[in-house]
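Below, each chain spelled out in residue letters.
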Amino acid sequence: MSHQHTLVIKIGSNVLTQSNGLPDLARMKHLVEQLMTLRKAGKKIVLVSSGAVAFGRQNTPISEKLNPVLKKQIWAATGQIRLINEYQRLFQEQHGQLIAQILVTKEDFRDRKHFLNMKSCVEALLQQDIIPIVNENDTVTITELMFTDNDELASLTAAMINADTLLLLTNVDGIFTGNPENPDSELIETVHASMAEISSFITASKSSFGRGGMLTKFAMAKKSADLGIEVLIANGKTDGVLVDYLNQKLRCTRFEPKRKRQATKKWLAHGSHYYKGEVFINEGAKKSLTSSVIRSLLPIGITKIEGEFLKGDILLVRDENGKQIGLGKAAYSSKAAQEKIGLKNQKPIIHYDYLYLFDHD
Ligand SMILES: Nc1ncnc2c1ncn2[C@@H]1O[C@H](COP(=O)(O)OP(=O)(O)O)[C@@H](O)[C@H]1O
Ligand SMILES: N[C@@H](CCC(=O)OP(=O)(O)O)C(=O)O
C-alpha cells in the first residue's frame, strides 16, 4: 500500500478567537471545510487544537477573587466541551466526518506504556478515518506538569505518529526578521539546520491568548525538523491557508527536515524534561558511544548514578564534566544499576536502539 502523507496541524488559541476575545466560529468553520479538502486529497490528519480556555473564558463568568490557577482550570474544563462540541457539529453534521477527543498530559509522553497506548489509539483512529483532536488536559496539568504550550504538544504528537509534516497555524505568516508588525521585517521562508541565529530575531511578545510565544514555536519546530519532520509555521487567519498548503502556494516559514529518525529515538529526543535519573560515564565510554561503531552503554563505563528510576524510564547521560551527552531508556532499575557500577560483563544499562546522542545523532 502506498504511503499516506500524515499531517499534524496545530491551531493556536488566537486563530480561533476574534480580537474582542469571542470565539471565532466563522474561522473555525472555514478551517474545518479546508481540513475536509485535505482529507479528500488523501492526507491523514491529526488536529492539535488550543482554545479551551479562550472558549471557557467567554461563557463562564467567575469571581475575580478566585485563585488564577483555579480560574484557568474552570475555563478549560467548561471551554473544552464547547470547543469539541463546535468541532463535532462542524465535522459531523456538515461533512459526516467522525472526530475523537484526546486529552493528554506531559506524563503520558514520559511514561512509555502510556505513550504506546496513546500511539496505538491515535493510529487506530486514523486507520478508521476518524480525525483525532488533541489538547492538553488542562484540569490536571498545572505549573511544572504543563507542556510549555500546545506547540510542544503538537511536536510530541508529530514525533509519536511519525508524521511527515507538522503545520503550526498561528496569527502571523511565520517567523520574521523582526517584529512582524514592522513593515521592514521580512518573512524567513526557509530555515536550514545550520540557521541557529534565527532565534535572535524573535521577541518575547505573544498573541493575546497564546502561551509560549514564537520562541518555543521556533525551538519545537527545529527539534521536529532535526527528527526528520517537515515543519511549516503559517497564518491560520488567512483565508484558504490549508488549500494554499495543498496547492504548494503557502506563505510560511518552512523548516527543512533532516533525515528521518527511528520512532524510539524520536520519543527519546523529546525526553530532556522527562528523565528520571542521571548516569555519568567515563571518557572511554564516551569515546565508545560517540564513535561511528554502534555501541550500547555498559555498566563498566559508568562512574556515578543519580536519581531513582525503574526499567523503561528515561535517563540523561552525562560525561565526567557533567556535559549532557544524550538520553536513553533504562534497561533496569537504579537499584540494580547501582550494584553494577564499574563492573565488567554486565548487561547494557542502555541498549543502542534506545539511546539518543545529542551531537552525534
Ligand atoms: N520574529 C518574529 N516573527 C514572528 N512572530 C513573532 C516574532 N517575534 C515574536 N513574535 C510573536 O509571536 C506570536 C505568535 O506566537 P504565539 O503567541 O505563541 O502564538 P500561538 O498562540 O498561535 O501559539 C506572534 O503573534 C508575534 O507577536
Ligand atoms: N490547552 C490550552 C492551550 C494553551 C496553549 O498552548 O495555547 P496556544 O499558545 O494558543 O497554542 C487551551 O486549550 O486553552
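Nothing here was measured: the structure is a model prediction, and the numbers come from that model. (Residues numbered from 1 in each chain as written. Chains lettered and ligands numbered in written order. Predicted model: local features only at pLDDT ≥ 70, side-chain atom pairs only at ≥ 80, totals over all residues.)

### What about the sheet that holds strand 11 (residues 314-318)?
Piece 1. Strand order across the open sheet formed by 5 strands is 10-9-11-12-13, with mixed pairing between neighbours. With partners counted over all chains shown, the strands left at the sheet margins are strand 10 (302-306) and strand 13 (355-357), one partner each. Pairs of neighbouring strands in the sheet enclose a mean axial angle of 20 degrees, with direction left out of account.
Piece 2. For strand 11 and strand 12 (residues 324-329), the ladder comprises 5 bridges, and the chain directions are antiparallel. The partner of Arg 318 across the bridge, within strand 12, is Gln 324. (Pairing = 2+ DSSP bridges. Helix = DSSP H or I, 4+ residues; strand = E, 2+ residues; numbered from the N terminus. Axes fitted to C-alpha atoms, helices over the stretch in contact; angles between N-to-C directions.)

### Some thoughts on the nonpolar core
Piece 1. Among the nonpolar cores identified, the biggest contains 89 residues, and Val 8, Leu 47, Leu 166 and Leu 315 are the most heavily contacted of them.
Piece 2. The greatest single-element share of this core, amounting to 7 residues, is contributed by helix 3 (residues 68-95).
Piece 3. In this structure, this core is formed jointly by two domains, domain 1 (6-266) and domain 2 (275-357), each of which donates at least three residues.
Piece 4. Beyond its immediate stretch of four places on either side in the chain, Leu 166 contacts Val 8, Ala 154, Ser 155, Ala 158, Ser 224, Ile 229 and Val 231. (Core = buried A, V, L, I, M, F, W, Y, C linked by C-beta atoms within 7 Å. Buried ≥ 20, exposed ≤ 12 C-beta atoms within 10 Å, placed from the backbone. Domains from an automatic or database assignment. Contact = placed C-beta atoms within 7 Å.)

### Quick notes on helix 2 (residues 52-59)
Piece 1. Of all 8 residues in helix 2, 6 are buried, a share of seventy percent or more.
Piece 2. What helix 2 keeps buried is the set Ala 52, Val 53, Ala 54, Phe 55, Gly 56 and Arg 57.
Piece 3. Against helix 3 and strand 4 (131-136) lie the buried residues of helix 2.

### Focus on helix 7 (residues 214-226)
Owing to its 3.6 residues per turn, the α-helix aligns residues three or four sequence positions apart on the same side.
Piece 1. In a regular helix each residue adds 1.5 Å, so 13 residues correspond to 18 Å; helix 7 covers 18 Å between its end C-alpha atoms and thus fits that length.
Piece 2. Taken as a whole, helix 7 has its buried residues at Met 214, Thr 216, Lys 217, Phe 218, Met 220, Ala 221, Lys 223, Ser 224 and Ala 225.
Piece 3. On its buried side, helix 7 packs onto helix 6 (150-160), strand 5 (165-170), strand 7 (230-235), strand 8 (252-255) and helix 9 (263-269).
Piece 4. At the C-terminal side of helix 7, Gly 228 shows a positive phi close to 100 degrees. (Expected span 1.5 Å × (residues − 1).)

### Overview of the environment of Asn 85
Piece 1. Tracing the backbone through its elements, the reader meets Asn 85 in helix 3.
Piece 2. Residues Asn 85 and Ile 341, spaced 256 residues apart in sequence, show a C-alpha to C-alpha distance of 55 Å.

### Topic: the packing of helix 1 (residues 25-40) against helix 3
If you want to describe how two helices pack, look at the angle between their axes and the distance between the axes.
Piece 1. Relative to each other, helix 1 and helix 3 sit at 50 degrees, their axes nearing to 10 Å. In terms of orientation, helix 1 and helix 3 fall into the oblique class. Once helix 1 is placed against helix 3, the crossing between them reads as right-handed. Where helix 1 abuts helix 3, its residues Leu 25, Met 28, Lys 29, Val 32 and Met 36 lie against Glu 86, Leu 90, Phe 91 and His 95. (Parallel < 35°, antiparallel > 145°, perpendicular 65-115°, else oblique. Left-handed = near helix turned anticlockwise from the far one by under 90°.)

### Overview of the domain arrangement of the protein chain
Piece 1. Here the protein chain is partitioned into domain 1 (6-266) and domain 2 (275-357).
Piece 2. Summarising the inter-unit geometry, the C-alpha centres of domain 1 and domain 2 are found 35 Å apart.
Piece 3. Opposite the 4 residues of domain 1 that make contact, domain 2 presents 5 residues.
Piece 4. Partitioning the side of domain 1 that touches domain 2 into residue classes produces no nonpolar, 1 polar and 3 charged. (Nonpolar A, V, L, I, M, F, W, Y, C, P; charged D, E, K, R; others polar.)

### Considerations on the UniProt feature "binding site: substrate" (unreviewed entry) in the protein chain
Piece 1. UniProt records the feature "binding site: substrate" (unreviewed entry) at Ser 50, Asp 138 and Asn 150, using the numbering of this structure. These annotated residues cover 101 residues of sequence, but their C-alpha atoms sit close together, with the largest distance between any two at 11.0 Å.
Piece 2. Of note, Asp 138 is situated in the loop between strand 4 and helix 6.
Piece 3. On the neighbour-count criterion, Asp 138 (23 C-beta atoms within 10 Å) is buried.
Piece 4. When sequence neighbours within four positions are dropped, the list of residues in contact with Asp 138 reads Ala 52, Val 53, Lys 72, Gln 73 and Ala 76. (UniProt positions renumbered as here; feature names shortened; annotations may be inferred.)

### Topic: the packing of helix 2 against helix 3
Piece 1. Two numbers describe how helix 2 lies on helix 3: the axes approach to 6 Å, and their chain directions differ by 100 degrees. If you check the angle between helix 2 and helix 3, you find them roughly perpendicular. Contacts from Ala 52, Val 53, Ala 54, Phe 55, Gly 56, Arg 57 and Asn 59 of helix 2 reach helix 3 at Lys 72, Ile 74, Trp 75, Ala 76, Thr 78, Gly 79, Gln 80, Arg 82 and Leu 83.
Piece 2. Along the lines of polarity and charge, the residues of the contact of helix 2 with helix 3 split into 8 nonpolar, 5 polar and 3 charged.

### Section: the confidence of the model for the protein chain
Piece 1. Mean pLDDT for the protein chain: 89, with 93% of residues reaching 70 or above.
Piece 2. This complex was scored by the predictor with a pTM of 0.84 and an ipTM of 0.96. (pLDDT = per-residue confidence, 0-100.)

### Quick look at unusual backbone geometry
Piece 1. Of note, Gln 248 is a non-glycine position whose phi angle comes to about 55 degrees, a positive value.
Piece 2. Using a count of 6 C-beta atoms within 10 Å as the deciding quantity, one classes Gln 248 as exposed.
Piece 3. Although it is not a glycine, Asn 345 sits at a positive phi angle of roughly 50 degrees.
Piece 4. When the 8 C-beta atoms within 10 Å are taken as the criterion, Asn 345 is described as exposed.

### A short note on the pairing of strand 9 (residues 277-281)
Piece 1. Summarising the sheet, strand 9 and strand 11 pair through 4 bridges and their orientation is parallel. Note that in strand 11 the partner of Val 279 across the bridge is Val 317.
Piece 2. Sheet topology note: the strand 9/strand 10 ladder contains 4 bridges and is antiparallel. In the sheet register, Ile 281 faces strand 10, and the bridge partner there is Ile 302.

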